[in-house]
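Listed below are the residues making up each chain.
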Amino acid sequence: MLTIAGHTFRSRLFLGTGKFPSAEILQRSIEASGSEMITVALRRVDLGDPADDIMAVLDRNKYVLLPNTSGARDAAEAIRIARLARAAGSGDWLKLEVTPDPRTLLPDPVETLAAAKELVREGFKVLPYINADPILALKLQDAGVAAVMPLGSPIGTNMGLQTRMQVEIIIAQAQVPVVVDAGLGAPSHAAEAMEIGADAVLVNTAISVAGDPVRMARAFALAVEAGREAYEAGLGPQGKEAAASSPTTGLDFIK
Amino acid sequence: MPMKIICNGKEKVTRPGISLNDFIIDLGLRPENVVAECNGTIVKREEYNTYLLKDDSMLELIRFVGGG
């Protein structure tokens, strides 16, 4: 089972809650995913729509709430959001993301590391969203983060595990869990990440914008389980030359 | 004399001496699902009942929304 910062998770699929067509579909998708780690964002209350409250459908006793710092452009903004999230009662868990460029939403490594050091000092369980940079992952690990979350491809692109080689290096080196986050657009992408030894994946857009989010949530859950099972079973070696799967002897009867 | 405060960037008129908790309820919100920052400082939830808003207070009310 997966353990992060002393908390054990049965499911290795973490679910983001953005862009679902309705609160009801979100709730059913969470159930179908089996996820026990649910991300949320923090935003100003829309005073014109006070009833629009996601907490009405999220059962805090069933899931770990992982608030993100989305929208933060530097370390100071991320730290401010983190403190607000904790005051909002989500506990100490935090998905640290610092994305100064709204066009690419790629994370700023320098500001992310600076914010991580401060937030670890303040007692947060920090899960930083990072580019698939093995050196940065090690520095964050040394800073005391609870896990690292390298991206597969940019947020919301559904382009899959474009960073596979670097993620493999991160997994080989990491002492903390590795959660592949962002860009996983299909269950096969999630399975691939799990097959190479990721400890978990975080998926949002691929599920929330699917034709049927509830069924897609289940599809991802199955893929994550299959990928993990394959990793633990041990994949056979790859090769560029054919290797017969049927015996090459005992063919005398046709020769 | 009614009191005016700035809440989430908008001017709101309310009664003098209102507690943060009552102000949040008057907006149609559940205090337990809202985090408040007044004049740049986070107000702890257990203090909402005793925290009194003042004229020209700059209040930010924030809550969780869907996000990845």
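Residues numbered from 1 in each chain as written. Chains lettered and ligands numbered in written order. Predicted model: local features only at pLDDT ≥ 70, side-chain atom pairs only at ≥ 80, totals over all residues.

1. Here's the deal with helix H8 (residues 213-233) of chain A
Residues and elements named next belong to chain A.
Argument step 1. Across its 21 residues, H8 extends 30 Å between first and last C-alpha, which sits within 8% of the 30 Å expected from 1.5 Å per residue.
Argument step 2. Inspection of H8 places Pro213, Val214, Met216, Ala217, Ala219, Phe220, Ala221, Ala223, Val224, Gly227 and Arg228 among the buried residues, and these make up the whole buried set.
Argument step 3. The secondary structure elements touched by the buried residues of H8 are strand E3 (13-16), helix H1 (23-33), helix H6 (187-195), strand E10 (200-203) and helix H7 (205-208).
Argument step 4. Count one or two residues on from H8 and you reach Gly234, which has phi positive near 90°. (Helix = DSSP H or I, 4+ residues; strand = E, 2+ residues; numbered from the N terminus. Expected span 1.5 Å × (residues − 1). Buried ≥ 20, exposed ≤ 12 C-beta atoms within 10 Å, placed from the backbone. Contact = placed C-beta atoms within 7 Å.)

2. Re the nonpolar core
Argument step 1. Formed by 91 residues in total, the largest nonpolar core has its most connected members in A:Val179, A:Val201 and A:Phe220.
Argument step 2. If we skip the residues at most four places from it in the chain, A:Val179 touches A:Phe14, A:Leu127, A:Ala147, A:Met149, A:Ala198, A:Asp199, A:Ala200, A:Val201 and A:Leu202. (Core = buried A, V, L, I, M, F, W, Y, C linked by C-beta atoms within 7 Å.)

3. Focus: the sheet that holds strand E8 (residues 149-150) of chain A
Residue and element names in this part refer to chain A.
Argument step 1. Spatial strand order, E6-E7-E8: three strands in an open sheet with parallel pairing. Strand pairing shows two members of the sheet lacking a second neighbour, strand E6 (93-96) and E8, which therefore form its edges.
Argument step 2. Pairing analysis gives four bridges linking E6 to strand E7 (residues 125-130), with the strands arranged parallel. When the bridges of E7 are listed, Leu94 appears paired with Val126.
Argument step 3. Packing against the sheet, helix H3 (residues 109-121) makes contact with E6 and E7, and its axis sits at approximately 175° to E7. (Pairing = 2+ DSSP bridges. Axes fitted to C-alpha atoms, helices over the stretch in contact; angles between N-to-C directions.)

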